[in-house]
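Report on the structure
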Amino acid sequence: MDEVLSKKEWGELTETLLNLFSIDEKNALLPFQAFQVNFTGEEPELLGAPCVIGKDGLCIMPEGSVFPCRRFPVPIGNLMNKSLKEIWGKSSLLDQLRKKKNLEGRCGKCGIEDCRGCRSLALALTGDYLAEDPHCWYSFNA
């Protein structure tokens, strides 16, 4: 827990990235839970990683355990017992995470369609994966 940035520190980090990469729209970085700076081109490029839970990816461990995310320590199946297609399509946990209306607090009411906050961070910091993202700085009238 001592290694997790505070909400203020996360906001300062994203503000620094906005300034370094001359991004005018502050909310442009909201959906991203991690960043990578690519130095292979003439100019550095900022790449963001949105939450993929239930949408675009899974984490598969060497022994076959399947997790919604590499940072989400709740197994949803094992490839030794079920097919990946079955795990992906029939996981009640993934089904719950796919529906933004299930998210609590501001996350469930947020108008940014592609953003569901970081479910792994919500779980780690609150004990509830449906809780409001503790790092979100977005301000709106709910």
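In what follows, the structure referred to is the one given above.
Residues numbered from 1 in each chain as written. Predicted model: local features only at pLDDT ≥ 70, side-chain atom pairs only at ≥ 80, totals over all residues. Heavy atoms only, no water.

Brief notes about the pattern of salt bridges
The tally for this structure, following the rule as stated, stands at 3 salt bridges. We note a salt bridge from glutamate 132 to arginine 106, for which the minimum N-O separation is 3.3 Å. Of the two residues, glutamate 132 is situated in the segment after helix H5 (119–126) and arginine 106 in helix H4 (residues 105–109); the sequence distance between them amounts to 26 residues. Its relative accessible area of 25% is what places arginine 106 among the partly exposed residues. (Salt bridge = Lys/Arg side-chain N within 4 Å of Asp/Glu carboxyl O. Helix = DSSP H or I, 4+ residues; strand = E, 2+ residues; numbered from the N terminus. Buried < 20%, exposed > 50% of the residue type's maximum accessible area, 1.4 Å probe, protein only.)

Some details on the side chain of arginine 116
Mapping arginine 116 onto the fold places it in the loop between H4 and H5. No salt bridge is formed by the buried arginine 116; the nearest opposite charge belongs to aspartate 56, separated by 6.9 Å. A polar contact is formed between the side chain of arginine 116 and the backbone oxygen of isoleucine 53, at a distance of 2.8 Å. Side-chain polar atoms of arginine 116 contact the backbone oxygen of leucine 97, separated by 2.8 Å. Residues within four places of arginine 116 in sequence aside, it is in contact with Cys51, Val52, Ile53, Lys55, Leu97, Arg98 and Leu103. (Lys, Arg positive; Asp, Glu negative; His and termini not counted. Polar contact = N/O pair within 3.5 Å; in protein donor to acceptor, adjacent residues only side chain to side chain. Contact = heavy atoms within 4.5 Å.)

Describing the nonpolar core
With 15 residues, the main nonpolar core has Ile53, Phe72, Ile76, Leu93, Leu97, Tyr129 and Leu130 as its most contacted residues. The element contributing the most residues to this core is helix H3 (residues 92–98), with 3 residues. Setting aside anything within four residues of it in sequence, one finds phenylalanine 72 in contact with Ile53, Phe67, Leu93, Leu97, Arg119, Ser120, Leu123 and Tyr129. Counting residues in hydrophobic clusters, the runner-up holds 8 residues, among them Cys110, Cys115, Cys136 and Trp137. (Core = buried A, V, L, I, M, F, W, Y, C linked by side-chain atoms within 4.5 Å.)

Remarks on the state of the cysteines
Under the criterion given, the structure shown has 0 disulfides. With no disulfide of its own, cysteine 136 has cysteine 107 as its nearest cysteine by sulfur position, at a separation of 5.8 Å. (Disulfide = S-S within 2.5 Å.)

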